[in-house]
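Given next are the chains, with one letter for each unit.
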Amino acid sequence: MGSLPEPVPDCNRAKPLGIRFVEHVKKGGLSYRSHQAIVLVVTFLAYASYHAARKTTSIVKSALDPQSPDVGLKFVPWKASYFFNPPVSTTSTSMQGNGWAPFNGLDGTTLLGELDVAFLAVYAIGMYFSGHLGDRMNLRIFLTVGMIGTGVFTSLFGAGYWANIHSIYFFFIIQVLAGLFQSTGWPSVVAVVGNWCSKSKRGLIMGIWNAHTSLGNILGSLIASALLSYGWGWSFVVPGFVIAFIGLVVFLFLPVSPESVGAERDIDELDSPKKNGESVKEPLLKSESDEEEKAVGFMEAWRIPGVAPFAFCLFFAKLVAYTFLYWLPFYISHTAIDGQYLSSGAAGNLSTLFDIGGILGGILAGHISDHLNARAITAASFMYCAIPALFFFRSYGHLSLTINMALLFITGMFVNGPYALITTAVSADLGTHSSLKGNSRALATVTAIIDGTGSVGAAIGPLLTGYISARSWSAVFTMLMSAALVAGLFLTKLVVAEVAAKFEQSRHKERVHEDLA
């Protein structure tokens, strides 16, 4: 009898210290639902902090680049009288000498674009390796190391302000290392959430959960804008400390999977072999031979039906989204709205409307795709709708602040909707599809392939924008509209398959009704 209790201590030792402390205080084990809630909250905070740290660069650009039409940073954020009666820009030749070397020259915009691509290129490459490692390591430890490392190098970038560092090589190296550590985040959090969520409402749940991306951008914008007047270094250091702290929370509280903490799945959390609309997914997710529970190889994951089309679609979708992430505040501060220029801080605050629209877009895309059982149709439709949204924002956003705000919100909804859907529900679906026969050890790898490929586009978009914007912002928007079109076209084959499956399902229902009649 003494041998029976042995598995329990093993399970307890695998539990995070924070979970064990909560169970000790509660004097009982946590339910599956409680564990699930902890996972959603902790991973939400984790990736929101990633994006808050990442967003600061776009806000600080206007302070580093001397050509920003800075009209003063000591205003109250979102003050109505400021926005609707903005002061006239007082940019002068003497002010053009401000900024921060080496970004205060004529090539300052280009240098900032090259910093972006340095970060994003390493981020994209690192993503592939992170997914491979994530499926073979303890995701809680892996994510903790990534978050603390991100916090350290984000803070070091800001430390250049007080250390009076003006070497482009310093900022370049810091951005490269920050990108490497940031690449650990997305494959880890999606893999963990995928372990705890069933497929039936994954689109809606992960659409709501994916609001962390937009919320992180919003908080990053507001924090960086608020601290900018005290010195741009604070705009990096504070988010750096925040993400490092939340990294410790991840270490203490994040349960990687139900099996790791001995949580038994509820009946309604078990994915049944046949669901309503399952046939719609069959053209993408065909059953293959059984495979033993082992980590899926990189090339094997690429061959999963649907992975490549969604990965290349995300390449162009993230090209659009990350161009806005890194350049929107800069664009707003350099574009007269109703004949007036906004300050760097005001532009940063106004840019958050793009992310607020993105929250709604992510939730709508997830809900619609769940309801239709059609991820590809939903993602492609949003990408096509993003094209006129981009056109109208560029063409009419300068007429008034109200029009700018409305179009910015709509653009964010259509740009971020498919981006959120593909990086969450689609990645989780493809990482747990029928050919793997329940093997969940492909989640991080598939997520890394899709988001890593998308991140290559995320690196190229801001880089091209740094060069093209110096000549014409209209050309930048033409590039973005073209990218949105190509993103939708990459899903054409999957859309056709889903539409055909829908027609087949409809004909089957008609035959059933005729037989019953």
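Residues numbered from 1 in each chain as written. Predicted model: local features only at pLDDT ≥ 70, side-chain atom pairs only at ≥ 80, totals over all residues. Heavy atoms only, no water.

The protein chain goes by Major facilitator superfamily (MFS) profile domain-containing protein in an unreviewed UniProt entry, where it is assigned to Eucalyptus grandis. According to UniProt, the comment filed for the protein chain under the heading Subcellular location (unreviewed entry) is "Membrane". Under the UniProt heading Sequence similarities (unreviewed entry), the entry covering the protein chain gives this text: "Belongs to the major facilitator superfamily. Organophosphate:Pi antiporter (OPA) (TC 2.A.1.4) family." (UniProt positions renumbered as here; feature names shortened; annotations may be inferred.)

This part is about helix α2 (residues 17-26). For α2, the complete set of buried residues consists of Gly 18, Ile 19 and Glu 23. Buried residues of α2 fall within an arc of 135° about the axis and therefore sit on the same side. Turned more than 90 degrees away from the buried face of α2 sit Phe 21, His 24 and Val 25, all of them exposed. On its buried face, α2 sits against α3 (32-64) and α11 (234-253). Just past α2, the residue Lys 27 takes up positive phi, approximately 60°. (Buried < 20%, exposed > 50% of the residue type's maximum accessible area, 1.4 Å probe, protein only. Helix = DSSP H or I, 4+ residues; strand = E, 2+ residues; numbered from the N terminus. Arc of directions from axis to C-beta. Contact = heavy atoms within 4.5 Å.)

Closest axis-to-axis distance for the helix α18 (residues 375-396)/helix α21 (residues 473-489) pair is 8 Å, and the angle between their directions is 170°. It follows that α18 is roughly antiparallel to α21 by the angle criterion. Note on element contacts: α21 touches α18 through Trp 473, Ser 474, Phe 477, Leu 480, Met 481, Ala 484, Leu 485, Ala 487, Gly 488 and Leu 489, opposite Ala 380, Met 383, Tyr 384, Ile 387, Leu 390, Phe 391, Phe 393 and Arg 394. In terms of residue class, the contact of α18 with α21 is built from 15 nonpolar, two polar and one charged. (Axes fitted to C-alpha atoms, helices over the stretch in contact; angles between N-to-C directions. Parallel < 35°, antiparallel > 145°, perpendicular 65-115°, else oblique. Nonpolar A, V, L, I, M, F, W, Y, C, P; charged D, E, K, R; others polar.)

Let us now look at the nonpolar core. A general tendency of soluble globular proteins is for nonpolar side chains to be buried together. Formed by 88 residues in total, the largest nonpolar core has its most connected members in Trp 232, Phe 324, Ile 332 and Leu 480. With 20 residues, helix α15 (residues 307-333) is the largest single contributor of residues to this core. If near-sequence neighbours (up to four positions away) are discounted, Trp 232 is found in contact with Val 60, Leu 64, Trp 100, Phe 157, Gly 158, Gly 160, Tyr 161 and Phe 171. Counting 31 residues, the second largest nonpolar core, distinct from the first, contains Leu 139, Leu 143, Trp 209 and Leu 254. (Core = buried A, V, L, I, M, F, W, Y, C linked by side-chain atoms within 4.5 Å.)

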